[in-house]
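Take a look at the letters that make up each chain.
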Amino acid sequence: MRSTISGIIGLSFSFSVGVLLLSLGCALYHNWWPAFVVIFYVLAPIPYGLARRYSETSYSGSNVGLEIALFLTSVLVISAYGLILVLAHSRSIERGALLVLSRC
């Protein structure tokens, strides 16, 4: 029970720091294009949550649906960082905003 509570507290703290850095990176450089990363924050846990909800309970072998969900979750998480790099490469955001936003 204690490890569950400390995990939830740690997860909520890291999420709040990430949102703070995202808003600072957008507000300090007067450019709100990086705020589209929030879409990836919202979409990332959905495939894994659906796969865990509808997966079979047999633990013999691998579960194809769960593996695909983990792959899609990984793609969405990497895309969040990739969007920031593409915006910096196209000079839509400044390098300082890239440094602040890459810490999220």
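The paragraphs below set out a description of the structure included in this document. Worth saying up front: this structure is predicted, and the values here are computed from it rather than measured.

1. A word on the environment of A35
Mapped onto the fold, A35 is located in the loop between α1 (2-28) and α2 (37-43). As for A35 and S23, which are separated by 12 residues in sequence, their C-alpha atoms are 7.6 Å apart.

2. Overview of a nonpolar patch on the surface
On the surface, a cluster of nonpolar side chains totalling about 900 Å² of accessible area is made up of W33, F36, V38, I39, V42, L43, I46, L50 and Y54. Every element with two or more residues in the nonpolar patch is listed here: α2 and α3 (45-54). Tallying contributions element by element places α2 first for the nonpolar patch, with four residues. Structurally, I46 can be placed in helix α3. A relative accessible area of 41% places I46 in the partly exposed class.

3. Considerations on the nonpolar core
Side chains that are nonpolar tend, in soluble globular proteins, to be buried together. Grouped together as the largest cluster of nonpolar side chains are 11 residues: L22, C26, V37, A80, I84, L87, A88, I93, A97, L98 and L101. Sorting the residues of this core by element identifies α1, α4 (64-89) and α5 (95-101) as the ones contributing at least two each. With four residues, the top contributor of residues to this core is α4. Beyond its immediate sequence surroundings of up to four residues, L98 is in contact with I84, L85, A88 and I93.

4. What to know about the side chain of N31
By secondary structure assignment, the location of N31 is in the loop between α1 and α2. Judged by its relative accessible area of 15%, N31 is buried. Only 3.3 Å separates the side chain of N31 from the backbone nitrogen of W33, close enough to count as a polar contact. When residues no more than four places from it in sequence are discounted, the contact partners of N31 are C26, S92 and I93.

Reading the values: the criteria
Residues numbered from 1 in each chain as written. Predicted model: local features only at pLDDT ≥ 70, side-chain atom pairs only at ≥ 80, totals over all residues. Heavy atoms only, no water. Helix = DSSP H or I, 4+ residues; strand = E, 2+ residues; numbered from the N terminus. Patch = residues over 30% accessible without salt bridge, like charges linked within 9 Å, V, L, I, M, F, W, Y side chains within 5 Å. Areas by Shrake-Rupley, 256 points an atom, 1.4 Å probe, with all protein chains shown as cover. Salt bridge = Lys/Arg side-chain N within 4 Å of Asp/Glu carboxyl O. Buried < 20%, exposed > 50% of the residue type's maximum accessible area, 1.4 Å probe, protein only. Core = buried A, V, L, I, M, F, W, Y, C linked by side-chain atoms within 4.5 Å. Contact = heavy atoms within 4.5 Å. Polar contact = N/O pair within 3.5 Å; in protein donor to acceptor, adjacent residues only side chain to side chain.

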